Amino acid sequence: MALGKNYEGQDCSLAKALEVIGERWTLLVLRDAMYGVRRYGDFLAHLDLPRAVLSQRLATLVEAGILERRRYQDNPPREEYVPTPMGRELWVPLLGLSQWGERHLTGAGPRRMFFHHACGTRLDAVSFCERCAVRVPVQDVEVRPGPGLERSRQDRVSLALQEPHRMLDPIQ
């Protein structure tokens, strides 16, 4: 029996959220958008997913108001994808899932570590800075390579993230 494509009949906020962000690849697209990936080609190269899948995931996230499509070049027309305030709210769940995966599913140590940009303190799974006693919004987070990071990938995003990088700042 094939699984349905939605959660029809479920009167549940989690089911409604999964309708938008629960498909395979969507959380990785969102993770990359938080890292500062903006351009279609960079998502494609870093994620190694089929073009049709990426196009559909980006369209769904734009339609849901999680990402915003912005024109950055007119000739030829080119657009980038930027997290909206609604999309930036997904930072804490993404961070928590990532840290859960590192604790329970990998043995090499964290691939990426997240720090409060203002003071350099490492953040916990809910983006809380113990030194400053605040929950740090994604725009004030710095991502750094961790001891478990494999450095074999050579795409533009992977190379940029081998150095400390402020979240949401565009990958150059």
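Described in the following lines is the structure provided in the data block.

About the cut-offs
As a convention, each chain's residues are numbered from 1 in the sequence order in which they are written. Where totals are concerned, whole chains, interfaces and linings use all residues; where local detail is concerned, this predicted model gives features only for residues with pLDDT of at least 70, and gives and counts side-chain atom pairs only at 80 or more. Side-chain measures were taken over the full set of non-hydrogen atoms in the model, leaving aside hydrogen atoms and water. Within this scheme, the nonpolar core is defined by two criteria: the residues are buried Ala, Val, Leu, Ile, Met, Phe, Trp, Tyr or Cys, and they are joined through side-chain atoms within 4.5 Å. Any residue under 20% of the maximum accessible area for its type is buried, any over 50% is exposed, and the rest in between are partly exposed; the area is computed with a 1.4 Å probe on protein chains only. Labels follow the DSSP assignment, with helices taken as runs of H or I lasting at least four residues and strands as runs of E lasting at least two, numbered in each case from the N terminus. The contact criterion used is simple: two residues touch if any of their non-hydrogen atoms lie within 4.5 Å. To obtain an axis, a line is fitted to C-alpha atoms, over the contacting stretch when the element is a helix, and the angle between two such axes runs from 0 to 180 degrees between their N-to-C directions. In this scheme, roughly parallel covers angles under 35 degrees and roughly antiparallel covers those over 145, while 65 to 115 is roughly perpendicular and the rest are oblique. All amino acids are sorted into three groups, where Ala, Val, Leu, Ile, Met, Phe, Trp, Tyr, Cys and Pro are nonpolar, Asp, Glu, Lys and Arg are charged, and the leftover types, Gly among them, are polar.

1. Here's the deal with the nonpolar core
Working step 1: Formed by 33 residues in total, the largest nonpolar core has its most connected members in Leu30, Met34, Phe43, Trp91, Phe114 and Met167.
Working step 2: Elements with a contribution of two residues or more to this core: helix 2 (26-35), helix 3 (40-47), helix 4 (51-63), helix 6 (91-104) and strand 6 (141-145).
Working step 3: In terms of residue count, the dominant contributor to this core is helix 2 (5 residues).
Working step 4: Apart from the residues lying within four places of it in its own chain, the contact partners of Leu30 are Ile21, Leu61, Ile66, Leu67, Leu90 and Leu94.

2. Brief notes about the packing of helix 2 against helix 6
Working step 1: Where helix 2 meets helix 6, the closest approach of the two axes is 11 Å, and the angle between their N-to-C directions is 110°. Considering the angle they form, helix 2 stands roughly perpendicular to helix 6. Facing Leu27, Leu30, Arg31 and Met34 of helix 2, the residues of helix 6 in contact are Trp91, Leu94 and Leu97.
Working step 2: Looking at the contact of helix 2 with helix 6 residue by residue, the class counts come to 6 nonpolar, no polar and 1 charged.

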